[in-house]
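Survey of secondary and tertiary structure
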Amino acid sequence: MWYVMSVPPPFPRVTAIHRSRSFVKIAFLLPFAPTAIAAAIFLYASSALAQPDPSGIDFVTIGAVGNPAYSGPDPNHRVTGRGGINYLYKLGRTEVTTSQWMEFFNTFYGRVNYIGEPDTWGAIATGNASQPFRLNPSIPQAGDIPVSGIIWRASAMYCNWLHNDKSTDIEALQNGAYDISTFGYTGPGGNIFTDQAAHNPDARYWIPTLDEWIKASYYDPNYGGAGVGGWWWRSINGSNTPIVNGPPGQGQANAGFDLPGNGQYRIPLGAYPDTLTPWGLLDAAGGTAEFLETIANPTEVPTRYVAGTAWSTPNISSGLIYSLGGEFPSIPDYQIGFRVAAAIPAPATAWMAYPALYWWGRNTRKSTLCR
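Not measured: the values here are computed from a predicted model.

**Description of the pattern of salt bridges**
Summed over the entire model, instances satisfying the criterion amount to seven salt bridges. For Glu-103, the salt bridge goes to Lys-166, with nearest N and O atoms at 3.1 Å. Placement of the pair is Glu-103 in helix 2 (residues 98-108) and Lys-166 in the loop between helix 3 (152-163) and strand 5 (185-186), with a sequence separation of 63 residues. With a relative accessible area of 38%, Glu-103 lands in the partly exposed category. The closest approach of N and O atoms between Glu-290 and Arg-339, which form a salt bridge, is 2.9 Å. Of the two residues, Glu-290 is situated in strand 10 (residues 289-296) and Arg-339 in the loop between strand 13 (336-337) and strand 14 (341-342); the sequence distance between them amounts to 49 residues. Look at Arg-339 and you get buried, because its relative accessible area is 1%.

**Brief notes about the nonpolar core**
Judged by nonpolar contacts, the single largest core of 75 residues is most densely connected at Trp-101, Phe-104, Ile-115, Tyr-158, Tyr-178 and Val-340. For this core, the element with the highest residue contribution is helix 3, accounting for eight residues. Look past the residues within four positions of Tyr-158 in its chain and what remains in contact with it is Ile-57, Val-96, Gln-100, Trp-101, Phe-104, Phe-338 and Val-340.

**Details of the packing of aromatic side chains**
In total, this model carries 25 aromatic pairs according to the counting rule given. Measuring from ring centre to ring centre gives 5.7 Å for Phe-105 and Trp-121, while their planes differ by 85°; the resulting arrangement is edge-to-face. In this pair, Phe-105 is assigned in helix 2 and Trp-121 in the loop between helix 2 and strand 3 (123-125), connecting sequence segments 16 residues apart. For Trp-121, a relative accessible area of 9% corresponds to the buried category. For the pair Tyr-265 and Tyr-334, a centre-to-centre distance of 6.4 Å together with 75° between the ring planes defines the contact as edge-to-face.

**Regarding the pairing of strand 11 (residues 303-307)**
The buried fraction of strand 11 amounts to five of the five residues, a majority that puts the element mostly inside the structure. The pairing of strand 10 with strand 11 spans four bridges and is classified as antiparallel. When the bridges of strand 11 are listed, Glu-290 appears paired with Ala-307.

**Some words on the side chain of Asn-67**
Within the secondary structure, Asn-67 is located in the loop between strand 1 (59-62) and strand 2 (89-92). Engagement of the side chain of Asn-67 in a polar contact is seen with the backbone nitrogen of Ile-85, the distance being 3.1 Å.

**Some words on helix 4 (residues 210-218)**
Residues that lie three or four places apart on an α-helix share one face, since the helix turns once every 3.6 residues. A large share of helix 4 lies buried, amounting to nine of its nine residues. When helix 4 is considered as a whole, its buried residues turn out to be Leu-210, Asp-211, Glu-212, Trp-213, Ile-214, Lys-215, Ala-216, Ser-217 and Tyr-218.

**Observations regarding the packing of helix 2 against helix 3**
Contact geometry for helix 2 and helix 3: axes closest at 11 Å, N-to-C directions at 90°. As judged from the angle between their axes, helix 2 and helix 3 are roughly perpendicular. Along the contact surface, helix 2 presents Gln-100, Trp-101, Glu-103, Phe-104, Thr-107 and Phe-108, while helix 3 presents Ala-154, Ser-155, Met-157, Tyr-158 and Trp-161. For the contact of helix 2 with helix 3, the per-class residue count stands at seven nonpolar, three polar and one charged.

**Regarding the sheet that holds strand 12 (residues 325-327)**
Judged by pairing direction, the sheet is mixed, and its four strands sit side by side in the order 12-11-10-13 without closing on themselves. Here the strands that pair on one side only, and so sit at the sheet edges, are strand 12 and strand 13. As paired elements, strand 11 and strand 12 share three bridges and run antiparallel to each other. Each bridged residue has a counterpart across the sheet, and for Val-306 the counterpart in strand 12 is Gly-325. Contacts from helix 4 reach strand 10 and strand 11 within the one sheet, and its direction differs from that of strand 10 by about 135°.

What counts as what
Residues numbered from 1 in each chain as written. Predicted model: local features only at pLDDT ≥ 70, side-chain atom pairs only at ≥ 80, totals over all residues. Heavy atoms only, no water. Salt bridge = Lys/Arg side-chain N within 4 Å of Asp/Glu carboxyl O. Helix = DSSP H or I, 4+ residues; strand = E, 2+ residues; numbered from the N terminus. Buried < 20%, exposed > 50% of the residue type's maximum accessible area, 1.4 Å probe, protein only. Core = buried A, V, L, I, M, F, W, Y, C linked by side-chain atoms within 4.5 Å. Contact = heavy atoms within 4.5 Å. Phe/Tyr/Trp six-rings, centres within 6.5 Å; stacked < 30°, edge-to-face > 60°. Pairing = 2+ DSSP bridges. Polar contact = N/O pair within 3.5 Å; in protein donor to acceptor, adjacent residues only side chain to side chain. Axes fitted to C-alpha atoms, helices over the stretch in contact; angles between N-to-C directions. Parallel < 35°, antiparallel > 145°, perpendicular 65-115°, else oblique. Nonpolar A, V, L, I, M, F, W, Y, C, P; charged D, E, K, R; others polar.

Structure, rendered in structure tokens:
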């Protein structure tokens, strides 16, 4: 869909340092732990999930840990065996918004040349060096317009910035989720990228993988009834009924139509509140397509996968689980944005409670057996 084979430009380096975090994805080993331990850890995790995220992003928690991988229709042989995940994680309810990107962009404007202005968003220049961009007052809900036309590498730097608590220091861009010193190209044609393949294990925020994205969009934990999971493949709306594209109030996704004055680009995220994935994600169809972390064509000329449908996507390909594209990490496309994935912090206090809870459970079982 978006395979571009032109020779990509080089990536300039940013001098900075790495600050690691002790955040992890919670592997679901609880069925093998004593009931008391499982309950304690669940309560601590639930408390963490209920707190507002420091990034300011509205996240949705993706559960059903250990779900089966996808095994349905796949004429392009891209998604069979994918999407089975054995940990909890979070995804942004929407793609990255103008307000979210503007905070980042204003922080580093003029300091890092490679973070360019998006092709499409809801902000305008101010001419003021202290706040280079502001929301466009002529666009209703300008802060909720999706950001597109940014490169994968800038998206990775955004995740590094979130990981480093939105520091204004340029070092916050260097590492966290992705080590940007790896960004470059090699090979006879100069088109084999050397970028770090996957986010750091302790990353707090990252660009979603293909497995994470398709699970959050197509796997339904209640597909066959309460607690009976399964996969949809034709649509992201929790069914196999195709999405109907059209303006809000007429269709289900911002794709495949034009409005006077290119008004389709001014439709905010969340304008289709009834078009939800089984987990509650919005705008997985329409608006922008989304960069993923997973590498497409790894043994040939690799690109990063692109998933979802964009403004110009026709109805015929809207919503199909196997309808994927790819793009070089240094090439912008006006149809491509991204959403953010995040780890669920493992509460140290829950793990510290393990010995006491284990001893309690062990002695409880002994007393029961001795009766």
